[in-house]
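Below are the chains, spelled out letter by letter.
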Amino acid sequence: EILTFYSETNLIDYSNSAIQALINKIKSAAKNQNDEIELAKLAYEFVRDEIDHAMDDESHLAKTPNLKASQVLQEKNAFCFGKSVLLCALLRGMN
């Protein structure tokens, strides 16, 4: 069933207060809060532009990678899979 794909998981923790605050910020920045394409674009651009990629900073290579969306948001740094988990959390949390 499609609703399974909207479920919160241990890693995709969209009920986290920081993630919810970011979702609200993204929605308030949208010209049309009902436009799913615009909201998805704004969420994507946030993750792309505001979350550093761990390979860009050698000091992060020795650390355990962030996998949980709330950790990625807090640290503002992750490998691609951590960034994608955050994007999933933002998109799922908007529904």
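Model, not experiment: these values are computed from the prediction.

In this fold, arginine 92 is placed in helix H4 (residues 80–93). Buried charge without a partner: arginine 92 forms no salt bridge, and the closest opposite charge is glutamate 8, 8.9 Å away. At a separation of 2.6 Å, a polar atom in the side chain of arginine 92 contacts the main-chain carbonyl oxygen of serine 7.

Before going further, it helps to spend a moment on the confidence of the model for the protein chain. Looking at the protein chain, pLDDT values average 90 and 91% of them are 70 or higher. By mean pLDDT, the top-scoring element of the protein chain is helix H1 (residues 17–29) (98), and the lowest-scoring one is strand E1 (residues 52–53) (87).

Phi is positive for lysine 76, close to 60°, though the residue is something other than glycine. Relative accessible area serves as the criterion here: at 35%, lysine 76 is assigned to the partly exposed category.

With that settled, consider the environment of leucine 90. One can find leucine 90 in helix H4. Relative accessible area serves as the criterion here: at 0%, leucine 90 is assigned to the buried category. Through-space distance from the C-alpha of leucine 90 to that of lysine 41 is 11 Å; in sequence the pair is 49 residues apart. The residues contacting leucine 90, other than those within four sequence positions of it, are Ile19, Leu22, Ile23, Ile26, Ala43 and Val47.

Remark: H1 packs on helix H2 (residues 36–50), axes separated minimally by 9 Å, with the N-to-C direction vectors making an angle of 125°. As summarised for this structure, H1 and H2 are arranged oblique, according to the angle between their axes. Both H1 and H2 take part in a crossing whose hand is right-handed. Touching Leu22, Ile26, Lys27 and Ala29 of H1 are Leu39, Leu42, Ala43 and Phe46, all from H2. Its residues assigned to classes, the contact of H1 with H2 comprises 7 nonpolar, no polar and 1 charged.

Another point: the packing of aromatic side chains. Counted according to the given criterion, the structure contains 1 aromatic pair. Geometrically, the ring pair formed by phenylalanine 79 and phenylalanine 81 is stacked, given 6.0 Å between the ring centres and 20° between the ring planes. Here phenylalanine 81 falls in the partly exposed class, since its relative accessible area comes to 42%.

The rules behind these values
- Residues numbered from 1 in each chain as written.
- Predicted model: local features only at pLDDT ≥ 70, side-chain atom pairs only at ≥ 80, totals over all residues.
- Heavy atoms only, no water.
- Helix = DSSP H or I, 4+ residues; strand = E, 2+ residues; numbered from the N terminus.
- Buried < 20%, exposed > 50% of the residue type's maximum accessible area, 1.4 Å probe, protein only.
- Lys, Arg positive; Asp, Glu negative; His and termini not counted.
- Salt bridge = Lys/Arg side-chain N within 4 Å of Asp/Glu carboxyl O.
- Polar contact = N/O pair within 3.5 Å; in protein donor to acceptor, adjacent residues only side chain to side chain.
- pLDDT = per-residue confidence, 0-100.
- Contact = heavy atoms within 4.5 Å.
- Axes fitted to C-alpha atoms, helices over the stretch in contact; angles between N-to-C directions.
- Parallel < 35°, antiparallel > 145°, perpendicular 65-115°, else oblique.
- Left-handed = near helix turned anticlockwise from the far one by under 90°.
- Nonpolar A, V, L, I, M, F, W, Y, C, P; charged D, E, K, R; others polar.
- Phe/Tyr/Trp six-rings, centres within 6.5 Å; stacked < 30°, edge-to-face > 60°.

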